[in-house]
Amino acid sequence: MTFEEYYSAFRTYRDVYSEEYRKRTKKLRPLLIEFMPEKGKVLDIGCGAGGVSFLLEDLGFNVIGIDNSDYMLSLARGFAREKGSTVEFIKADARELPFKGDSFDYVLFIDGVFHFAPPDLSKVFFEAGRVLRPGGKFIIQFTDMRSLLKRLKERQIIGEEFWISHVITDEDERTALIEFQSEEKSFHVRFNIWGKTAIELLAKLYFMKVKEEKMSEHTYFQVYLPKK
């Protein structure tokens, strides 16, 4: 199964008006307000259905959202039309951003590291630093899949409609094939397993961490400055 199909199965990713999606943006809002005190130009990497982009626009920022999924971009553009939003949603590869250097005051990367293997995530981080202006901020939010893996294997994660029925990792536990089950169907998706330490070591190549907030038992919000 593709990630497009995975995202379409959960309202928390596909419907910015849903209670599940609003819970996600509600948790982010005070952190974004605190660590983005000056208005400016924002790049939202992996914007998905656009909820974070719309939140930032409401807060007074000039926002461009990118994603490589036609399905997610179609959702984001549809919601933008409904809202009368001016956010620009562009299809782009986060590993090769179609922007000049020093173009943005902020780059956000929310809940997307599990899409990328180490060489690719390194490219994403490099590109984020390249397009940031000196003194700009790279803001990342992620789930520590390494610490969460035990619970996943014990199938303790249960959602409103789907629950995890099987988790199969490769020999080095670098990726996990996770099967989701409902009363009507099942599907599986392969995730890259990233732990907090590994993410920070990779980010350290390009950035300096200046702030961290623990949002839940396994979820972190971090703010970085580019090394330029």
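Before any of the text, the structure's been laid out above.
Predicted, not measured: the structure shown is a model, and the values here were computed from it.

### Section: the environment of F61
Then, in step 1: Mapping F61 onto the fold places it in the loop between α4 (51–58) and β2 (62–67).
Then, in step 2: Using a relative accessible area of 7% as the deciding quantity, one classes F61 as buried.
Then, in step 3: Separated by 102 residues in the primary sequence, F61 and W163 have C-alpha atoms spaced 37 Å apart.
Then, in step 4: With sequence-adjacent residues up to four places away left out, F61 is seen in contact with M36, E38, K39, G40, V42, L56 and Y106.

### Describing the nonpolar core
Then, in step 1: Y6 and L108 are the most contacted members of the largest nonpolar core, which has 52 residues in total.
Then, in step 2: With six residues, helix α5 (residues 70–83) is the largest single contributor of residues to this core.
Then, in step 3: Residues in contact with L108, not counting those within four places in the same chain, are L32, M36, V42, L43, D44, I45, V52, L56 and I139.
Then, in step 4: Ranked by size, the runner-up nonpolar core spans 29 residues in total, among them L43, F116, F138 and Y224.

### A closer look at the packing of helix α3 (residues 19–35) against α4
Then, in step 1: Between α3 and α4, whose axes approach to 10 Å, the crossing angle comes to 45°. Comparing the axis directions of α3 and α4 gives the class oblique. Taken as a pair, α3 and α4 cross one another with a handedness that is right-handed. Contact residues: α3 offers Y21, T25, L28, R29 and L32, while α4 offers G51, V52, L55 and L56.
Then, in step 2: Here the residues of the contact of α3 with α4 are counted per class, giving six nonpolar, two polar and one charged.

Reading guide: rules and limits
- Residues numbered from 1 in each chain as written.
- Predicted model: local features only at pLDDT ≥ 70, side-chain atom pairs only at ≥ 80, totals over all residues.
- Heavy atoms only, no water.
- Helix = DSSP H or I, 4+ residues; strand = E, 2+ residues; numbered from the N terminus.
- Buried < 20%, exposed > 50% of the residue type's maximum accessible area, 1.4 Å probe, protein only.
- Contact = heavy atoms within 4.5 Å.
- Core = buried A, V, L, I, M, F, W, Y, C linked by side-chain atoms within 4.5 Å.
- Axes fitted to C-alpha atoms, helices over the stretch in contact; angles between N-to-C directions.
- Parallel < 35°, antiparallel > 145°, perpendicular 65-115°, else oblique.
- Left-handed = near helix turned anticlockwise from the far one by under 90°.
- Nonpolar A, V, L, I, M, F, W, Y, C, P; charged D, E, K, R; others polar.

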